[in-house]
Amino acid sequence: MNPTVATGAMGFLTGDGLAGYADAIAGFVFLIMLAITVIGGLIACNAERLVCAVSGLALCFVGVAAIYYYLNSPFVAMMQMLIYVGAVCITIAFAIMLAAPEDSQKNGPAGPLSGPLAFITAGLVTMGLIGLAVNTTFAVLPKLNMGGVKLIGAELLTSYSMVFELVSIVLLIAIIGSLVIARHGRSK
Amino acid sequence: MSILSLHNNLNTYLFLAAILFGMGIYGLVTRRTLVGMLIASELILAASSINFMAFNRFTAPDPTVGQIFTLFIMAIAAAEAAIGLSITIAVYRNYKTVDTEDLVDLKG
Amino acid sequence: MSGPIRIQPGETFTLNVGPQHPATHGVLRVKMEMDGEYIVKAETVLGYIHRMHELMGENRPYPKVLPNLSRLDYLGAMGYTHGHVLAVERAAGIEVPERAEYIRVITVELNRVASHLFWFGAFVMDLGGFTPLMYALQDREHILDALEGITGSRLTYCYFRFGGLCNDIDDEFIARTRALIPRMRKSLKKYEALVTGNIIFRKRLEEIGPISPEMCRKYGATGPVARGSGIDFDIRKNEPYSVYPEFDFDVPVYHECDSMARYKVRMDEMEQSLRIIEQGLDKLPDGPIMPKRKPKLIKPPKGDYYQAVETARGSFGIRLVSDGTKNAYRFKLRSPTYSNMSLFDEACEGMMIMDALALMGSLDLVIPEIDR
Amino acid sequence: MIKDTVKQALQDLFPDPEPVVEEPVAQEADGEEAGDSKKKAKKKEEPRANGVLERDHAKYGCDLDVQLEPGELLATVMILDKASFFLESITGVDWIKEDQLEVVYDFSRYDFEICRVVIRTRTPRSTPLVPTISKIFPGANWHERETHDFFGIKFDGHPHLVPLLLPEDADFHPLLKDFKP
Amino acid sequence: MSLTIFNTVMAVVIAIAFAAANAAYLVWAERRGAGRIQRRPGPNVNGPFGLLQPPADGIKLMTKQLMIPAGADKALFMVAPVLAMAPAIVSFVTIPFSDTIVAHSMNIGVLMIFAFASLGTMAILLAGWGSRNKYGVMASVRAVSQNISYEIPMLITVITIVMMTGTMDLKEIVTAQSGGLLNWNIVPSLSSPLMPVAFLIFFICSLAETNRAPFDLGEAEAELVAGFHMEYGSMGFGLFFMGEYANIVIGASLITILFLGGWGCPLGLYPGVWWFLLKIYLVIFTFIWIRWTFPRTTIYGLLNLSWKILIPISLFNLLLTAGLLKVF
Amino acid sequence: MGAYFSDIFFGLKSLFIGLGITFKEFFKPVVTVPYPYKTIKMCKRYRGHIELIEDEEGNPKCVVCGMCERTCPSECIILGSKAVEFEVEVKGEIKTKKKKVLTKYDLDFTTCSLCGQCVESCNFGALTFSKDYNLASSRKEDFHFDLLKRLKERNS
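These figures come from a predicted structure and were not determined experimentally.

(A) Molecular detail of empty space enclosed by the protein. On inspection of all chains with the given rule, the structure shows seven cavities of 30 Å³ or more. The volume enclosed by the largest cavity comes to roughly 440 Å³. Forming the boundary of the largest cavity are 29 residues, of which E:Ala117, E:Gly120, E:Glu209, E:Thr210 and E:Asn247 lie nearest the centre. For the lining of the largest cavity, the secondary structure elements donating two or more residues are helix H3 (74-92), helix H4 (109-130), helix H5 (134-165), helix H7 (195-209) and helix H8 (234-259) of chain E. Tallied by class, the residues present in the lining of the largest cavity amount to 15 nonpolar, eleven polar and three charged. Quantified by volume, the second largest cavity comes out at close to 120 Å³. Lining the second largest cavity are 18 residues, and of these F:Cys112, F:Leu114, F:Cys115, F:Gly116 and F:Cys118 sit closest to its centre. Along the lines of polarity and charge, the residues of the lining of the second largest cavity split into eleven nonpolar, six polar and one charged.

(B) Quick look at the interface of chain B and chain A. Of the residues lining the interface, 74 residues belong to chain B; the matching set on chain A comes to 90 residues. Summed over both sides, the interface of chain B with chain A buries roughly 7,000 Å², with 77% coming from carbon and sulfur. In terms of surface lost to chain A, no three residues of chain B exceed B:Leu4, B:Arg31 and B:Met74, which account for 10% of the buried area on that side. Where chain B packs against chain A, one counts one residue pair in polar contact (both at pLDDT 80 or more). Put simply, the parts of the chain that give the side of chain B that touches chain A at least two residues each are helix H1 (10-30), helix H2 (34-58) and helix H3 (63-95) of chain B. It is H3(B) that contributes the most residues to the side of chain B that touches chain A, 25 residues altogether. A per-class count over the side of chain B that touches chain A returns 50 nonpolar, 15 polar and nine charged.

(C) Representation of the packing of aromatic side chains. All names here are of chain A. Per the counting criterion, the structure on display carries 47 aromatic pairs over all chains. Geometrically, the ring pair formed by Phe30 and Tyr70 is edge-to-face, given 5.0 Å between the ring centres and 70° between the ring planes. Remark: Tyr70 occurs in helix H3 (residues 50-70) and Phe30 occurs in helix H2 (residues 18-46); sequence separation between them is 40 residues. Among the residues examined, Phe30 registers a relative accessible area of 0% and is labelled buried.

(D) Layout of the pattern of salt bridges. All told, the structure shown has 54 salt bridges over all chains when counted by the stated rule. In this structure, E:Arg296 and E:Asp216 form a salt bridge, with 3.0 Å as the shortest nitrogen-oxygen distance. Highlighted residues: E:Arg296 in the loop between helix H9 (273-291) and helix H10 (299-327) and E:Asp216 in the loop between H7 and H8, separated in sequence by 80 residues. Neither E:Arg296 nor E:Asp216 differs from the other in exposure class; each is buried. Look at the salt bridges and you will find they share partners, linking C:Glu54, C:Glu58, C:Arg330, C:Lys332, C:Arg372, D:Glu146 and D:Lys177 into a network.

(E) Inspection of the sheet that holds strand S1 (residues 51-54) of chain D at higher detail. All names here are of chain D. In space, the five strands of this open sheet follow the order S1-S2-S5-S4-S3, with mixed pairing throughout. Bordering the open sheet on either side are S1 and strand S3 (85-95), each of which pairs with just one other strand. With strand direction ignored, the average angle separating the axes of adjacent strands in the sheet is 20°. Looking at chain direction, S1 and strand S2 (residues 64-68) are connected through four bridges and run antiparallel. The residue bridging Glu54 from the neighbouring strand is Leu64, located in S2. Each of S2, S3, strand S4 (100-109) and strand S5 (117-124) touches helix H5 (residues 73-82); the most contacted strand, S5, lies at about 165° to it.

(F) A look at the packing of H7(E) against H9(E). Residue and element names in this part refer to chain E. Axis separation between H7 and H9 bottoms out at 12 Å; the angle between their running directions is 65°. Comparing their axes, H9 and H7 come out roughly perpendicular. For H7 against H9, the interelement crossing comes out right-handed. Contacts from Phe203, Ser206 and Leu207 in H7 reach Val283, Thr286, Phe287 and Ile290 in H9. A class-by-class count of the residues in the contact of H7 with H9 yields five nonpolar, two polar and no charged.

Criteria and cut-off values
Note that residues are indexed from 1 along each chain, following the sequence as it is written. Written order determines the labels here, with chains lettered from A and ligands numbered from 1. The model is predicted, so local features are restricted to residues of pLDDT at least 70 and side-chain atom pairs to those at 80 or more, both for listing and for counting; the totals for chains, interfaces and linings are taken over all residues. Only heavy atoms go into the side-chain values, all of them from the structure, while hydrogens and water stay out. Buried and open spaces are told apart on a 1 Å grid over the protein atoms alone, a cavity being a set of points where a 1.4 Å probe fits but cannot get out and a pocket being an open set with protein on both sides within 12 Å along at least five of seven lines. Residues with an atom within 4 Å of a point are the lining residues. Grid points are joined across faces, edges and corners, and a volume is the space filled by probe spheres set on the points. Secondary structure elements are defined from DSSP: runs of H or I of at least 4 residues count as helices, runs of E of at least 2 residues count as strands, and each element is numbered from the N terminus. Note that Gly is not counted as nonpolar here; it falls among the polar residues with everything else outside the nonpolar set of Ala, Val, Leu, Ile, Met, Phe, Trp, Tyr, Cys and Pro and the charged set of Asp, Glu, Lys and Arg. Two residues qualify as a contact provided that any one of their heavy atoms is within 4.5 Å of a heavy atom in the partner residue. The buried area of a pairing is the accessible area, by a 1.4 Å probe, that goes missing from both parts when the two are put together, added over both. A 3.5 Å cut-off defines polar contacts: any pair of N or O atoms within that distance qualifies, except that in protein one atom must be a possible hydrogen donor and the other a possible acceptor, and neighbouring residues in sequence count only when both atoms are side-chain atoms. When two rings of Phe, Tyr or Trp (its six-membered ring) have centres within 6.5 Å they constitute a pair, described as stacked for plane angles under 30 degrees, edge-to-face for angles over 60, and tilted for the intermediate range. For every residue, the accessible area obtained with a 1.4 Å probe (protein chains only) is divided by the maximum for its type, and the residue is called buried under 20%, exposed over 50%, and partly exposed between those limits. A carboxyl oxygen of Asp or Glu within 4 Å of a side-chain nitrogen of Lys or Arg is what we treat as a salt bridge. Strand pairing is defined by DSSP finding a minimum of two bridges between the two strands. Interaxial angles span 0 to 180 degrees and are taken between N-to-C directions of axes, which are lines fitted to C-alpha atoms, for helices over the stretch in contact. Should an angle fall under 35 degrees it is called roughly parallel, over 145 degrees roughly antiparallel, and 65 to 115 degrees roughly perpendicular, with every other angle called oblique. Should the near helix be turned anticlockwise from the far one by less than a right angle, the crossing is left-handed, and should it be turned clockwise, the crossing is right-handed.

So this is what it looks like as C-alpha cells:
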C-alpha cells in the first residue's frame, strides 16, 4: 500500500476523525493535479501532432489552475481556466487548423544532435533552478491581509491602475494588430 | 513530512515551476514550427506564474501583489498568443509553411 | 487588402455532400471544392438511382408505360402522368371527354399543392426548422386522403388512362376537396406568420442564391425557379393544354432572383392552385370519363410528337417518336429538375455551404426525377 | 411574329434557300396525317432533306422543324440564342435502318408567343460526332453528357464528356437499338 | 472542516446524480414537447407517458459497440466526450438550489461556471478534430467561433449584474433579489433601466452557448449532418448528449439565479427549492419551445448578431448601469 | 441607426409571433395514429394487391381469358389452367362441353406496381383489390401470392 492511503486510513483510525481523512484527500488530489500538470506539459512539448500538443497544454493549464487553487487564490485559478484554456488554447488550436495542414508537419528534431542537446540544456536549467530553490532560504514575512478578490480589485484600480491601463492598451493593440495581420484578402 | 502535505511546502511549487520551465526550454529548442514554439513559450509563462503565486502564498506580506502580477501575465500571454498566431497565419499564407527552417526569408 | 476571392491550390479541400446527406433529399452527390466554408467549385454527380425509364418506355406497349410515369416524381406524380397521357393522346389522336379533362386538372392541381407542401416542409427542414414540416405533412395528408379516395393509392396514382381516367370521382371526393380549400387557406396564413415572416428565415433566404434570368435561359430552367427570377413562364398560360384556358388564375412572378423569391412563388402557386380547384369543382361538367370511340390498341401514326406540361417543378416534356407500332420508337423524358439542377454547379460558386444548401433546397429537387 | 423572323433567319443559313427542298417534305407531312398508306411509308425510307419546316403546333407540339448538317449546328444555335430561346432538352434517336444517329435539340421561349424549334442533325452511326453547343448554352453540358451516355454520340469540344447518369465505367449505350442488356 | 468536506462530497455526488437524471429526462421532455408542438404524442410506448424511454435509450447506447473511425486520433477521440460531460457536471457543484441546498458555495461562483464552460468549448474542438472528418472539423470551427463570440456579451451582462449586486457569489446574488417579483433583476429599476434587454441578451447567449437551436450550428444536421459528434456512437454520443442537456440545466439555472430571483417566490412568500426548480424548468421549456419553432441561423448571421447587436447593446447597458449606480 | 433598431424590433416581433403559433399548437389534440395499436380503415378504392372473387359456389369467377396477364406492365401475374369437360343441357339434350378452369393464379407482389390495370381489364369481374396493407416481411418469398390458395383459405 502506498503511504497516501495508509496515512489517510491511519488518521481515520487513530481518532483524528474525518479531519485527517479530508486533509489526506486534499493532499492526494494535489498529487494528482501535480501529475496532470507535468503530464500535460510533457505532452505539450513532445507530442507528434500539434493538436495533441495543444490538448496537452490545456491539460497542463487545468493542472496549473488547480495548483493556484491550492495556493489560496481561487480567483486566479478560475481566470487561468477562463483565459488560458478557454481562450489561448482554443486560439492556438484554431491557428493550427488554419495554418498547419497535417500532411506538411515535420515535428522531429531539427538536427541529429538537437534533441539530446536540448534535453541536456533543459535538464541543466531545471536542475539549476531546483538547486537554487533548495539552497535558498526565503524570508517569510508576516501576512498583512488575506488577499481576497475584493482586495485584488481594489488594488488593481488604485495602486496598479497605471499598469492596468497599460495592459488594456496592450490588449487593444494586440486585437487590432492581429486583425490587421491575419486579415484574409477576401471580400465579397 | 508526509507526501500528502506537499501542497503546504513552497519547494514543491518551485520544483514544479522549474520542471515546467525546463519543458518549455526543451520545446522551444526542438519544435520546428511556429505554433509549436508558441506552445512551449506558454509553458515558460505558466512556470513563471506559478513562481509568482507560490512566493505570494508563502513569503510575500501582501498576498494580492502576486495574484495581480499573475493576472497581468495572463493578459500579456493572451495578447502574445493572439499576435503570434496572427503572424503565424500571415506567414503561412505567404510562404505556405510554418516551419522555421524553411522560413529563410525572415533572416536578415 | 481587398480583392476577389483568392483560390490557392493546396488550401482547398474536397467535401462530398452526399450521396447520403440529409440536404440532398435522396441519393445525389455534390463534390464540392471548399475553401473553409466557401465553395470554390462544385460538381454534381448524378445517376445513383437511374432506372432508364426511357428504355422501358421503348420496350413496352404504350399502356404498360403508364405506371412508370408516376415513379418519376413521387411527390407530384399526377402532373407527370398528365404529360404522358396528353402526349400519347396527341400522337394517337384520341379525343378526351371534357369531364375527364376537368377531373385531370383538379387532381393535378391538388397534387401540385401536395407537392409544394412537402417541398415547403422539407425546405424549412433544410434550414433547420423541423416543426413546419410536420404542419405541412398534416395538410398534405388531407390532400392525399382525398386523392386516395378516388385513385386508391397515395403517391404513385396511375389514375389517368389514354382517353380519360380509370374511374370517376365521387361526391365524397368533392365534399372533401371543398372542405380542404378553406383549411388550406388558413394553413397558408399560418405558414406566412410562422415561417415567411420569421426574421431568421428571411435573413437566410433574402439575397441568397441569386439566379439571374439570363442564367435561367442559358440553363433552361423552368417552373418556380424561372418564375422566381422574374421570368413569366408557365406552360399552363404560355402554351395552354388540357382545359387550362377555361380557368382564371395568375402566375406568380417575383423579380428578386433569390431563394426567397422562389419560396414565395411556390407559396403563391398553392393559392392559385386552390383557385383552380375551386373553379374546377364549380364548372365540373357531367358526362363520360372515357371516350366512346377509343382504339383497342394504341398505335400512333409515324411522326415526332412533343408535349410539354407544367408540373410542380417546371416544364416537363415528352418527345414521342413513333414508327407506327404499338411500342414507342423513342420515348424522351425532359425532366424539369434536371435542367434546374444543372445550374447549381455554377450558381453555388463562391457561396458558403449553408447558403448553397439553402439554394439547393429552393430548387425543389426530387432525385428520381433527375435520374429518371 | 417571332416565328416568322426566326424562320427567315434560319432559312438564310441554308445555301439553297429556295423552297424546292422543302416541298416534298411538307407533302410527306401531310401524308402522315392522312394515314399510313404503304406507298408513302416506302417513300419515307429516305431521310429528310435539310431545311426548315413549319409544323402544326396542335398536332406535333412544335412550330419549326429544322434539319441540318452537324456543321451548321453552331450557327443555327447562335441565331436561336440571339432570339433569346432557351434550351429545353437534347436527345438522340437511333435510326438503325438508315445507319444514322439523329440528335434532336428542343428550343423554346419564355414568352406568350408559342414557338418551339426542333433542330435535328444526323451523324453516321459508326463515327457519331456532333459539335458541342455547351459553349453557347452551358445548360447543354448535362444534356450532351446524357446523350453521350445513352447513344455514344461524341460531342466535339465538350469540356467533360464522362458518363453522367450511367456508372462511371459504363462502356455501353443502352438506347441504341442493337443494345442487348 | 471534516463535516464540510464530507458534506461537499455528498453534495457533489447528489449534484452529479441530479445532472445525470436531468440530462436523461430532459431528452424525454424535449421529445414530448416537440411532439406536442407538432401535434403528435412523442415517446409514449415505454412505461406510462413513455417515462421509461430514457433508461431504454441509455441501455441501448451502452450496449452498442464503441466505434473509432480508422483515421481518427484515438486519444482525442476518446477524451472529447468525457471533456464535454465532466465540466458541465462540475459546474453543478456551485449552483445554489436554495439558501441551504448548495454543494460548494464559492464567492466566485459565477466565474467558476464560465471557467468550466470554456472547457466544453475545448471538448467540441477536440471532438471535431479528433474524428478527422471534414464535416466534424467544419462544425467544430463553427461551434468554437460561436461559443467564443457569445461568451463576450454573456460575460458583459454578468458583469452588469455583479456590479449591481456587488458580489460574484451566486447565493448572494439571489439574496439580493429576495422579496418578490419587483426585486428581481429582470425588472427594470432606476439604476438599471435596461434589465429586460440584458435578460434577453443573456437568454440568447445561453441558447448559443449551449448550442441549442436556432444556434445549433455545431451540429447543423441539414448541412453538416451531425457536426462535431458525427462519428460518435454508443456512449460517446451519449456523453455528448448528456453534456448538452446538463449544460442546458446550468444555463437555465444561471438565468434563474441572475435574473429570475433564484429560489424566491414572485410574491415574496415561502421561498424554497421548488420555486427554483419550477423556474428552471420553465426556462428549459422555453428552450425547447424555441428549438421547435425556429429555423437555424447562418454562421455569419450568428456572428453578426453577436458582434453587431448583442455586444454593443450589452456594453451600453454596462456603461449606463455603471453611471446610474454612481448617481443613485 | 433607426433602421438598426427597427430591424431588431421587427425581427424580435416576428420571432414572438412564431412562438405564439407553436404555443397554440401545443394544446391542440394529436393528429397521428399510434399505428400498431390502432389502425385506420382503408378507403373503398384502396389498391392493395389483387384478390380473386368467388361465385356462389365458391369457385373463382375467373375464366382464364388471360387479359390480366397480358395487360400487366410488370408481368407479375402467371395463370395456369386445365381444360375440364362438363355437361350442359341445351334444348333438352345433354352435351359435353369443354371449359378452362383456373388451376394457378400466381401474383409476384415484389414486382407489382399497383397500377390496377389488371382489375380494369377483367371483363368478368373476377378480380378485386384487397384491403390488406400490413405486408411487411423480411423474406421475398412471402410476397409470391398464390391467390387461389388464399381464396380457399378465405372460404374455409
